[in-house]
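# Inside the fold
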Amino acid sequence: MVRIAELRTVDGYILDSSAQVGDLLRDNDAIEAVDYNEWKSLCQSPVLDSRQTDFRNDNLYWARVGNTQNNKLFIQLGYKALTNMIWLVLYDVESLSHFSNNGKQLVVRREGNSFLDDDDEKIIEENPSLNPFFEIHFVVKRGAVQEIHVSIKTPTDQQATIHSLDLNIKNNKIVLGEKRLVQSSTIEYEKEYTLPDPIKEGKSFDEIKQVESPAPPKEQPQISQFIVVEVQDQVQPDQSRQATNPNGRGFKNIFYSNFHIINKTDNDFIISKVESEIFDIRENPPAWKSGHTLIGNKNGYYHYSWDQRNTGIVLRTNDLNKYVAVRTEVDLNDVPYYEQQRRAHHVLGDPVRIRVRFFDKDSREITSLIVESKNEELALATRSSVEKKYENRKSEFFLDCDDLEAEARLYVAIFKGKHNESERLEIYCQEQNNNMWLYKSNLNKLAFEALQKKMEEIPLEKPNFKGPSGQSVKGWALVDLTNRSVYALKFELITNTGRALSYYPVPRDRKSVV
């Protein structure tokens, strides 16, 4: 079955769909029939792409206006999917010239009863105010079309969204120009809102000073003249990838040491065992405490292989190039955990002192050394560091809360952003998969859902997460149900040692978030 979309004369004149062919054609005149699919394929690059959503079912209402490759103006209307077109028309320069009466002229109006499903039609019949529609107007000035107005109203819009698009004809060519938002789907009300004062509980890392660990008692280290052990690299601290207890508390602090061992004897030598201890400042008084020890090899930066059986070290005669890595694990059983960090937890002090002891095959200690792991400054997000992370933009809002026990900082930051010419609020936090972007349509949907549920605060989908040991970040939209608008966003951060709550007033210029 061939679907005809357009009839035109061989010289390019398009026949109006309501015209009588007999009134326009003379004997022996020829016309061309344009296949619908070919016709539709001409309309691929819209200059204006207006979309509105029915928040009840997320059905999409859309309109597109643009130029075809053969210098025609196309206007498309669609419902639900972007591929589901319900109306399309093309105008050439000649057909546009027919609109010559100054003023705003209606080109087409499509109401819901012409394209809605049966179920939606029944709802519209019961409540006519929900009836959706599309309208296309040409604005004629000085006898020529100079603007196109596109109006879309869904059943959940307060009023139609109206966009305008400038049109000009230069050198017999249709030129589309600036597009503007004339009217948004929400009715704007002049109303001032008073927000509660922010709340900040608990101390921050800026108020805490790290105390240097006490030194262990002086003792004479065990040194062998024949088996020389030298410290090769700085100690590398690490932590387990997840909490060791189901309640999110407890993890392993790990320390990697690397040694160069030289056998100065004329015989092979076996180091049968290596033990390691930390000077534990949690004890009263502080004392050496054994840690779980493994030996192996260092293969690169934080890259090691370990001998799980701990079978010992064989030193060949006059072996000058033997390197041994030692892994020392310390269980921090009741310390809150947030995420893996390459540092020693503050409960172990700074620096952490580790004593590594080497034994021969008769279990006699041949050498012992004390190495230190010293922390770098804790990497914490600040307003300036977050702004630098996101292209050096200025943030509109920043809220943070420290977890002194888990050595973590939660934060929420808001930036104004733009995507495909639509402005939005960008919400970022330390959990990347909990970032969220809010366009004006998202805010309108939140307001609609709040109205349906009669809730003045409605939770945001993101950020909304819980950390492994009780930390949480939550967000809400504050809604004026009378005016059906989101006027502020609310965020709450909770850690093991603090709480922060604050509000961000949504910009009053609602056109700035589209």
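Rules of the game
Within each chain, residue numbers correspond to sequence positions counted from 1 in written order. Two thresholds apply to this predicted model, a pLDDT of at least 70 for residue-level local features and 80 or more for giving and counting side-chain atom pairs, whereas whole-chain, interface and lining totals are computed over all residues. Based on all heavy atoms of the structure, the side-chain values leave hydrogens and waters out of the count. A run of DSSP states H or I qualifies as a helix once it reaches four residues; a run of E qualifies as a strand once it reaches two. Both are numbered from the N-terminal end. With residues, only the protein chains shown are counted as cover, and all accessible areas are computed by Shrake-Rupley using a 1.4 Å probe. We treat Lys and Arg as the positive residues and Asp and Glu as the negative residues; His and chain ends play no part in the count. Charge positions are represented by NZ for Lys, CZ for Arg, CG for Asp and CD for Glu. Strands are treated as partners if at least two bridges between them are detected by DSSP. Geometry is summarised by axes, namely lines fitted to C-alpha atoms with helices restricted to the contacting stretch, and by angles between N-to-C directions that run from 0 to 180 degrees. Among the buried residues, those of types Ala, Val, Leu, Ile, Met, Phe, Trp, Tyr and Cys that are joined through side-chain atoms within 4.5 Å form a nonpolar core. Only protein chains enter the accessibility calculation, which uses a 1.4 Å probe; a residue whose area is less than 20% of its type maximum is buried, one above 50% is exposed, and one in between is partly exposed. Two residues form a contact once any of their heavy atoms are found within 4.5 Å. Any two rings among Phe, Tyr and Trp, with Trp reduced to its six-membered ring, count as a pair given centres within 6.5 Å; such a pair is stacked if its planes are under 30 degrees apart, edge-to-face if over 60, and tilted if neither. Charge over a ring is defined by NZ of Lys or CZ of Arg lying within 6 Å of the ring centre and within 35 degrees of the ring normal. For salt bridges, the criterion is a side-chain nitrogen of Lys or Arg within 4 Å of an Asp or Glu carboxyl oxygen.

### Quick notes on the overall build of the protein
From N to C terminus, the protein includes six helices and 31 strands. For the C-alpha atoms alone, the extent of the protein along its principal axes is close to 120 × 55 × 45 Å. Total accessible area on the protein stands at roughly 27,400 Å², and carbon and sulfur atoms take up 45% of it. Measuring between centres, the 67 positive side-chain charges of the protein sit 2 Å from its 77 negative side-chain charges.

### Some points on the sheet that holds strand β9 (residues 144–153)
The strand order β7-β8-β9-β10-β11 describes an open sheet built from five strands, whose pairing is antiparallel. The open sheet has two free edges, formed respectively by β7 (103–111) and β11 (173–183), since each of these has just one partner strand. Direction aside, the axes of adjacent strands within the sheet are offset by 20° on average. Note: strand β10 (residues 161–170) against β11, eight bridges, orientation antiparallel. Note on β11: the bridge partner recorded for Ser 164 is Arg 180.

### Some words on the nonpolar core
If you look at the biggest cluster of nonpolar residues, it comprises 32 residues, and the most contacted ones within it are Leu 73, Phe 138 and Ile 148. Apart from the residues lying within four places of it in its own chain, the contact partners of Leu 73 are Val 65, Gly 66, Val 89, Leu 90, Tyr 91, Leu 96, Phe 138, Ile 148, Leu 167, Ile 174 and Leu 176. With 31 residues, the next largest nonpolar core counts Ile 458, Phe 465, Ala 500 and Tyr 504 among its residues.

### A look at the packing of aromatic side chains
For the coordinates displayed, the defined rule picks out 24 aromatic pairs. Centroid distance Tyr 61 to Tyr 79: 5.1 Å. Interplanar angle 65°. Geometry classified as edge-to-face. Of this pair, Tyr 61 sits in strand β4 (residues 59–67) while Tyr 79 sits in strand β5 (residues 73–79), and the two are 18 residues apart along the sequence. Both residues of the pair, Tyr 61 and Tyr 79, count as buried. Lying over the aromatic face of Trp 288, Arg 355 brings its terminal NZ or CZ to 4.5 Å of the ring centre. Over the ring of Trp 437 we find Arg 424, and its NZ or CZ is 3.7 Å from the ring centre.

### With respect to the pairing of strand β17 (residues 287–300)
In this sheet, β17 lies alongside strand β16 (residues 269–280) in antiparallel orientation, the contact comprising five bridges. Bridged to Ser 276 within β17 is Gly 291. If you look at the hairpin formed by β16 and β17, you'll find six residues sitting between the two strands. Pairing geometry for β17 and strand β20 (residues 322–336), over five bridges, is antiparallel. The partner of Gly 296 across the bridge, within β20, is Ala 325. Looking at chain direction, β17 and strand β18 (residues 303–307) are connected through five bridges and run antiparallel. Paired with Asn 297 across the two strands is Ser 305, which belongs to β18. Counting the residues in the hairpin turn of β17 and β18 gives two residues, including Tyr 302, whose phi is positive at 50°.

### Things to note about the pairing of strand β3 (residues 46–54)
For β3 and β4, the ladder comprises eight bridges, and the chain directions are antiparallel. Considered in β4, the bridge of Arg 51 is made with Trp 62. What sits between the antiparallel neighbours β3 and β4 is a turn of four residues, in which Asp 58 has the positive phi angle 65°.

### Side note on the pattern of salt bridges
Side-chain pairing between opposite charges can occur once the charged atoms of the two side chains come close. Overall, the coordinates contain 39 salt bridges when judged by the stated rule. Linking Arg 249 and Asp 334 is a salt bridge whose minimum nitrogen-to-oxygen distance equals 3.2 Å. Of this pair, Arg 249 sits in strand β15 (residues 249–263) while Asp 334 sits in strand β20, and the two are 85 residues apart along the sequence. Across the salt bridge formed by Asp 280 and Lys 289, the nearest N and O atoms sit 3.9 Å from each other. By relative accessible area, which is 1% here, Asp 280 ends up buried.

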